[in-house]
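Spelled out from the first residue to the last, the chains are:
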Amino acid sequence: MSDVAPTVLTHVDRGVGVITLNRPQKINAVTIEMLGLVEQALDAWQDDPGVSSVLLRGAGPRGFCAGGDIAWIHAAATTDPRRSVDMWRREYRGTLRLARWSKPIVSLLDGIAMGAGIGLGGHVTLRIVTERSSVGMPETRIGLSPDAGGSFLLSRAPGELGTHLALTGRAMTAADALHTGFADLFVQSSELTRVLPALADGGPEAVRALGTDAGPSDLAGAAEWIDDAYRGDDARTIVRRLRELSASGLADAGAVADDLEAASPTSVVLTLEARRRAARLPDLEAVLGQELGIVTSLAASPDLVEGVRARVIDKDRRPRWSPPTLAEVDVAATLATVDWTTRL
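In this report, the structure presented in the accompanying data block is examined. (Residues numbered from 1 in each chain as written. Predicted model: local features only at pLDDT ≥ 70, side-chain atom pairs only at ≥ 80, totals over all residues. Heavy atoms only, no water.)

Put simply, Ser322 and Pro323 share a cis peptide bond, and its omega is -5°. One non-glycine residue, Ala148, adopts positive backbone phi at about 55°. Tracing the backbone through its elements, the reader meets Ala148 in the loop between β8 (134-136) and α5 (150-156). For Ala148, a relative accessible area of 0% gives the class buried. Here the phi dihedral of Lys315 falls at roughly 60°; this positive angle occurs in a residue that is not glycine. Tracing the backbone through its elements, the reader meets Lys315 in the loop between α15 (302-313) and α16 (331-335). (Helix = DSSP H or I, 4+ residues; strand = E, 2+ residues; numbered from the N terminus. Buried < 20%, exposed > 50% of the residue type's maximum accessible area, 1.4 Å probe, protein only.)

Let's shift gears to helix α11 (residues 235-247). Between the first and last C-alpha of α11 there are 19 Å, a value that for 13 residues agrees with the 18 Å anticipated at 1.5 Å per step. Every buried residue of α11 is listed here: Ala235, Thr237, Ile238, Val239, Arg241, Leu242 and Leu245. Of the residues trailing α11, Gly249 is marked for its positive phi of about 115°. (Expected span 1.5 Å × (residues − 1).)

Further remarks concern the nonpolar core. Residues Ile19, Trp88, Phe182, Tyr230 and Leu242 are the most contacted members of the largest nonpolar core, which totals 88 residues. In terms of residue count, the dominant contributor to this core is helix α14 (residues 284-298) (seven residues). Residues within four places of Trp88 in sequence aside, it is in contact with Ile73, Leu144, Asp147, Leu292, Val295, Ala299 and Leu304. Counting residues in each nonpolar core, the second largest holds 16 residues, with Leu126, Ile128, Leu196 and Val207 among its members. (Core = buried A, V, L, I, M, F, W, Y, C linked by side-chain atoms within 4.5 Å. Contact = heavy atoms within 4.5 Å.)

This is the structure we're talking about:
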């Protein structure tokens, strides 16, 4: 008999199917096994009249889900990149299934909710954030591009806020997540124990009654200068505008430019193009297909291996990107590496 705890826990409580991501020591980073276990739970409850809704949550105090299992992706990138592509395809199909599931799904994006965590909990019926939430798509920092439907949400955010978040990988507060469309409801973390009983008694509308004011969004307050800086399709021009804004006295713009120049230049170029194209695509399924095309292109890239090494393996935060700067990226050749019409 194994003493190893299951990586996903499931049970039914008063008609609510509860799915708990259960790798708290890794902030519930998602593995292929976990994706399969979530699928199994949905299979079991799809036609079960005893299950009226689903609650999706993460174990432990640190967060809902920190993203995909980056160490596994690094190992696959250095041995067999096709394994990563297969995992991403399965993940994206799971994201689409959660978004289209026939019964209501409520996700608790408490604490850290990033990357693959948005794929699991960011496209469901009701997405709850708390004062502890830190929500984002940090992929450009490791040589990838926002995925798992993240670029769909980013492309629908007001103005150029989604472009800003996509390129820098910066995290959002609860108020920011509500403003940009990554979340629907703010609930104090001390009140989260009331969510399941409310969902059982009255469905998502009863849960909405638990919501309170998240306060002002800093992103909303910065929208004017962000919209100005991020217009257009050239990342180098965006950085130049940010430097100009910084020189005119807007210190935040200089810090943002630093973030952009610290990210993978190849990822920044691809992500900006993806953000523009995603805004023109009709639905989540089409955007997920585009994302699959991008990550397929990046699966064996040197920047992915190097980005994960620098941030996760060695943790020296000193990636050696190839090419090292935005000025050295051959934009046309880089964009040509992606099949932008990939289907799931």
